[in-house]
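Per-entry structural report
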Amino acid sequence: MGPVRVPAPDLVRIRPRPSIEYISRGRSVFATTVHGLIEGGTDEGFFVHETRLLSRWRYAIDGKAPMPNASSIIRQNHWLGYFVAPAPGVHAPEQDKGSGQVPNESRITLELAVTRLVDDGLHEDIDLTNYTTEPTSFVFTIELDADFADQVDRRDEPYGERQLRWDAVAQKLTFDFVATHNDATLHRGVELALSRASSHASWGDGRLSFEVTLAPKEQWHACVCVTPLIDGHRLVAPPYCYAAGGEDAPHEQAIRIFYEETTKLETSDAGLEAEVHATVEQARADLAALRLFDLDHDPRAWTVAAGLPMYVALFGRDTLTTGWQSGILGPEIMTGTLHELARLQGTRVDDWRDEQPGKMLHEVHTGPMAMLGYHPRGRSYSSITTSGLYAFIVAELWHWTGDKDLVRPFIEPALRALQWLDRYGDIDGDGFYEYLSHSPMGPRHQAWKDSPDAIVYEDGALVDPPIATCEEQAFVHIAKLHLAETLWFLGEHDLSRKLYREAEELKKRFNDAFWMEDEGFYALALDANKRQVRSISSNPGHCIAAAIADASLVERTADRLFAPDLFSGWGIRTLSSNHPRYNPYSYHLGSIWPVEQGTFALGLWRYGLHDRVQQLARAQFDAAAMFEYHRLPELFGGHPRDDQHPFPGNYPNANPLQAWSSSSVFMQLQAMLGLYPYAPMKMLVVDPHLPEWLPEITVRDLRVGKARVTIRFRRGRSGRTSYRILAQTGTLHVVRQATPWSLTTQPAERLRDALESLLPRH
């Protein structure tokens, strides 16, 4: 009998942007080489409000760089690195002959330990330790610079004036930068203050220099506090010093509240369940890390940046989607985002920004080129998606909270957004919603897929706007349908009936115009001549999720989404692998976006397609386990999951941390558990179908209205998932029931009829 073959552990760990390490919190990002240094690369730097405040940051001992030894991110805003060097002036013992060459760094070791903490600013603890038996003396230097470059829009020529001041007494270095363009002025700076230093610094030749003498086992310490100065506002750097103890970083308390109050999801600590738990906890931490604290409405109403490093800014559709998909955690992101987007809602016709009255924001950036008006992204409305999503998320907030006082201020902005869609979004008056940029600097495509080559005919030719994509019709449908229900409860019965009728009429028009019977699928879009764009894409998955797909066509549509040319095994591709334009490394022509998979999962659950939900969730959690930190990136490659491709490729410029990729994790779980809140009726619908690979999960402190509930879900030997309420405060009726749209159960028809009876047609 031969030897037993033991399967090797899976060593796959994929790292998007593998040459850069990021730590961050809010609008502050410290991007370095993998060894924690800023060596002058274009993607490296300390960026605050999309401005590179530090463009160089590296260390030397007697003019030589120490050797990187070990480094790691500890939390998203916390990094630790060890460097070693031979201690200058210390005699190395003679090498023996038997054990190979031992490097001097390990024989006469001088250690440089760097502890880095990012909040609005940066705090760095620097410690030098002499691990030899002899004294050592040397000059330690920090080489640094600040160029105030825009993070995205880099310019070769100078666009402003920089001044530098060194105060030797206060041990403080200040870079000050002013730029003007047209009628705009930008004033940014950065201050570096040294404290608790074992010896004083001098400044010269772009270096802070310290004379250091250390006895055996003696340690030298210094704190470097980096404070951003942003247009008259002095941001607060973390005060913490490990050598002296210290206070929390400025936003630590808010992060603690988030962890204490949001829903916890608990699994066992073995096998794939542990992988799921790791993915869930990383997603929670990433949403906290992306919080834009300067846009907090109050401690329980806040919003997030779209992603790191390239989208550290407010994006309308991204943040709305993130709030919706992470609703199981709580309503805070939805609430804060709705407040901020209402404040920035379009008020006038401004073609440069693609702004019209009532239109909802696409993006607002705070980088130098945006603030100086070199491009319109300081406040851009170049998206059709946000306006429909806004009204839908208002209704979702109503479902989770049932709070009329909370929801009422958002009704008028939601109605204005829908009015914009009806007035400006239906460009040719045919009852469908098209996009067309009026801005000379606006993106070609303004629907969900907005890259320049995203919308293509079946032969690969590019489609020219105006274009009505299938998912944009779906978003308007669900917005009108759900807002109608919300308006009914708020006493606006006539308006409720009107929106409900419009949603039904749009659904009928849509299914007549977009369905491709020979493909058993929906067309990607209608072009300017109302010809179907017959490319097979992921977009129809949104049509299931937003309930615009006719019920009789849902299963065929779902089956097509899971055909091998669309479903890779890691997720549903943005474009069929059979298409002439397919490219697994593209942005929208064959890649896989986690955000879509979360939305699709909820849609599949909506119609009772539980096996498909489990298949998609397994693919995504398996993918997450292969990425560093169990973190799903912005998108990844569309390779098939097979022996030749044991892991997917990277989109070359993917954000490793993306808000709506994090939120999609929670929607996958919500779909498997069949959770749907209906706080106005003090009700939580559950329809759990756990797979074999996730036999048990506990949802702790789920908030629905004013109630909190803890529920344990467990899959039995028969395959049926049961649930047990472990704790509850407040009034809440937990009802096991399929969704009102489900194709699988008779009782669902009664619930659907009950809900529809709230919205009389006449």
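Keep in mind the model is a prediction, meaning the values are calculated, not measured.

1. A word on the state of the cysteines
Per the stated rule, a full pass over the model turns up 0 disulfides. Free cysteine: Cys225, not disulfide-bonded; nearest cysteine sulfur from Cys223 at 8.4 Å.

2. Section: the nonpolar core
Core analysis: the biggest nonpolar cluster contains 159 residues, and Tyr390, Val394, Leu483, Leu669, Leu684, Leu702 and Phe713 have the highest contact counts within it. Among the elements that take part in this core, helix H9 (residues 470-489) stands out by supplying 10 residues, more than any other. Discounting residues that sit within four places of it in the chain, Leu702 has contacts with Thr263, Ile328, Trp400, Leu675, Leu684, Ala707, Arg708 and Val709. Counting residues in each nonpolar core, the second largest holds 55 residues, with Ile23, Phe138, Leu208 and Val226 among its members.

3. Section: the sheet that holds strand E14 (residues 201-204)
The strand order across the open sheet built from 4 strands is E5-E10-E15-E14, with neighbouring strands paired in antiparallel fashion. Two strands lie at the open edges of the sheet, namely strand E5 (56-61) and E14, each paired on one side alone. For this sheet the average axis-to-axis angle between neighbouring strands, irrespective of direction, equals 20 degrees. For strand E10 (residues 136-145) and strand E15 (residues 207-214), the ladder comprises 8 bridges, and the chain directions are antiparallel. Across the sheet, residue Thr141 finds its bridge partner in E15, namely Ser209.

4. A few points about unusual backbone geometry
Note that the residue after Leu308, namely Pro309, is joined by a cis bond; omega there is 10 degrees. Among the secondary structure elements, Pro309 is positioned in the loop between strand E19 (307-308) and strand E20 (314-315). Residue Pro466 is bonded to the preceding Pro465 through a cis peptide linkage, with omega at 10 degrees. Mapping Pro466 onto the fold places it in the loop between helix H8 (404-425) and strand E22 (468-469).

5. Quick word on the sheet that holds strand E29 (residues 683-686)
One open sheet accounts for 3 strands, arranged E28-E29-E33; its pairing is mixed. With one partner strand each, in any of the chains shown, strand E28 (676-678) and strand E33 (733-736) form the two edges of the open sheet. The sheet shows a mean angle of 20 degrees between the axes of neighbouring strands, taken without regard to direction. Across 3 bridges, E28 lies against E29 in antiparallel orientation. What sits directly across from Tyr676, in E29, is Val685.

6. Overview of the pattern of salt bridges
One pass over the structure, following the stated rule, counts 47 salt bridges. We note a salt bridge from Arg353 to Asp350, for which the minimum N-O separation is 3.9 Å. For Arg353, a relative accessible area of 18% translates into the label buried. Judged by relative accessible area, Asp350 falls into the buried class, the value being 14%. Each of Glu39, Arg56, Arg58, Glu143 and Arg207 takes part in salt bridges that share partners, so that together they form one network.

7. Here's the deal with the side chain of Arg573
In this fold, Arg573 is placed in the loop between helix H12 (554-561) and helix H13 (594-606). Here Arg573 sits buried without a salt bridge, and the closest side chain of opposite charge, Asp565, lies 6.4 Å off (N-O distance). Among the polar contacts listed, one links the side chain of Arg573 to the backbone oxygen of Pro564, at a separation of 3.0 Å.

8. Comments concerning the packing of aromatic side chains
For the structure on display, the rule yields 28 aromatic pairs. Between the aromatic rings of Trp448 and Trp660, the centroid separation amounts to 5.8 Å while the plane-to-plane angle is 80 degrees, which identifies the pairing as edge-to-face. In this pair, Trp448 is assigned in the loop between H8 and E22 and Trp660 in helix H15 (residues 659-673), connecting sequence segments 212 residues apart. Assessed through its relative accessible area of 4%, Trp448 is described here as buried. Given the relative accessible area of 4%, Trp660 is considered buried. Ring-pair connections join several aromatic residues into one group, and the members of that group are Tyr59, Phe83, Phe140, Phe210 and Trp220. Over the ring of Phe521 we find Arg560; its NZ or CZ atom is 6.0 Å from the centre of that ring. The cationic tip of Arg641 hangs over the ring face of Trp570; the distance from NZ or CZ to the ring centre is 4.1 Å.

9. A look at empty space enclosed by the protein
For the structure on display, the rule yields 7 cavities of 30 Å³ or more. Space inside the largest cavity adds up to approximately 230 Å³. Ranked by residues supplied to the lining of the largest cavity, first place goes to H13 with 4 residues. In terms of residue class, the lining of the largest cavity is built from 10 nonpolar, 4 polar and 3 charged. Around the second largest cavity, the lining is made up of 13 residues, and of these Tyr22, Glu628, Tyr629, Arg631 and Pro656 lie nearest the centre. By residue class, the composition of the lining of the second largest cavity is 7 nonpolar, 1 polar and 5 charged.

10. Overview of the confidence of the model for the chain
Reading fine detail from the predicted coordinates is not recommended where pLDDT is low. In this model, the chain carries an average pLDDT of 93, and 94% of its residues clear a pLDDT of 70 or more. In this model, residues 745-751 is a region of pLDDT below 50 whose contacts with residues beyond four sequence positions or in other chains number 10 contacts.

11. Concerning the packing of helix H4 (residues 316-325) against H15
Two quantities define a packed helix pair, namely the angle between the helix axes and the distance between the axes. Remark: H4 packs on H15, axes separated minimally by 8 Å, with the N-to-C direction vectors making an angle of 20 degrees. In this view, H4 runs roughly parallel relative to H15, as classed from their interaxial angle. Here H4 and H15 pass one another in a crossing that is left-handed. Residues Arg317, Asp318, Thr321, Thr322, Trp324 and Gln325 of H4 pack against Ala659, Trp660, Ser663, Ser664, Phe666 and Met667 of H15. Of the residues in the contact of H4 with H15, the class split is 5 nonpolar, 5 polar and 2 charged.

12. Here's the deal with the side chain of Thr366
In this fold, Thr366 is placed in the loop between strand E21 (363-364) and helix H6 (368-371). When its relative accessible area of 14% is taken as the criterion, Thr366 is described as buried. Other than its neighbours up to four places away in sequence, Thr366 contacts Arg27, His49, Glu50, Arg188 and Met371.

13. Some thoughts on the pairing of strand E30 (residues 696-704)
As defined by bridge partners, strand E18 (residues 264-266) adjoins E30 across 3 bridges and the pair is classed as antiparallel. Bridging across to E30, Lys264 finds its partner in Arg700. Examined bridge by bridge, E30 and strand E31 (residues 707-715) share 7 bridges and lie antiparallel to one another. Bridge assignment links Val704 to a residue of E31, and that residue is Ala707.

14. A closer look at the packing of helix H2 (residues 252-261) against helix H3 (residues 271-289)
It is at 10 Å that the axes of H2 and H3 come closest, and there the two elements cross at 145 degrees. Relative to H3, H2 is oriented so that their crossing is right-handed. Seen from H2, the contacting residues are Ile255, Phe258 and Tyr259; seen from H3, they are Arg284, Ala285 and Ala288. The residue makeup of the contact of H2 with H3, split by class, is 5 nonpolar, no polar and 1 charged.

15. Some points on H4
Taking burial as the measure, the 10 residues of H4 include 10 buried ones, the bulk of the element. If you check which residues of H4 are buried, you get Gly316, Arg317, Asp318, Thr319, Leu320, Thr321, Thr322, Gly323, Trp324 and Gln325.

16. Side note on the pairing of E29
Both faces of E29 are covered, namely the face carrying Met683 and Val685 and the face carrying Leu684 and Val686. Between E28 and the antiparallel strand that follows it, E29, lie 4 residues; Lys682 among them carries a positive phi value of about 50 degrees. As paired elements, E29 and E33 share 4 bridges and run parallel to each other. Considered in E33, the bridge of Val685 is made with Val735.

Reading guide: rules and limits
Residues numbered from 1 in each chain as written. Predicted model: local features only at pLDDT ≥ 70, side-chain atom pairs only at ≥ 80, totals over all residues. Heavy atoms only, no water. Disulfide = S-S within 2.5 Å. Core = buried A, V, L, I, M, F, W, Y, C linked by side-chain atoms within 4.5 Å. Buried < 20%, exposed > 50% of the residue type's maximum accessible area, 1.4 Å probe, protein only. Helix = DSSP H or I, 4+ residues; strand = E, 2+ residues; numbered from the N terminus. Contact = heavy atoms within 4.5 Å. Pairing = 2+ DSSP bridges. Axes fitted to C-alpha atoms, helices over the stretch in contact; angles between N-to-C directions. Salt bridge = Lys/Arg side-chain N within 4 Å of Asp/Glu carboxyl O. Lys, Arg positive; Asp, Glu negative; His and termini not counted. Polar contact = N/O pair within 3.5 Å; in protein donor to acceptor, adjacent residues only side chain to side chain. Phe/Tyr/Trp six-rings, centres within 6.5 Å; stacked < 30°, edge-to-face > 60°. Lys NZ or Arg CZ within 6 Å of the ring centre and 35° of its normal. 1 Å grid on protein atoms, 1.4 Å probe; cavity = no way out; pocket = protein on both sides within 12 Å on 5 of 7 lines; lining within 4 Å. Points joined across faces, edges and corners; volume = space filled by probe spheres on them. Nonpolar A, V, L, I, M, F, W, Y, C, P; charged D, E, K, R; others polar. pLDDT = per-residue confidence, 0-100. Parallel < 35°, antiparallel > 145°, perpendicular 65-115°, else oblique. Left-handed = near helix turned anticlockwise from the far one by under 90°.

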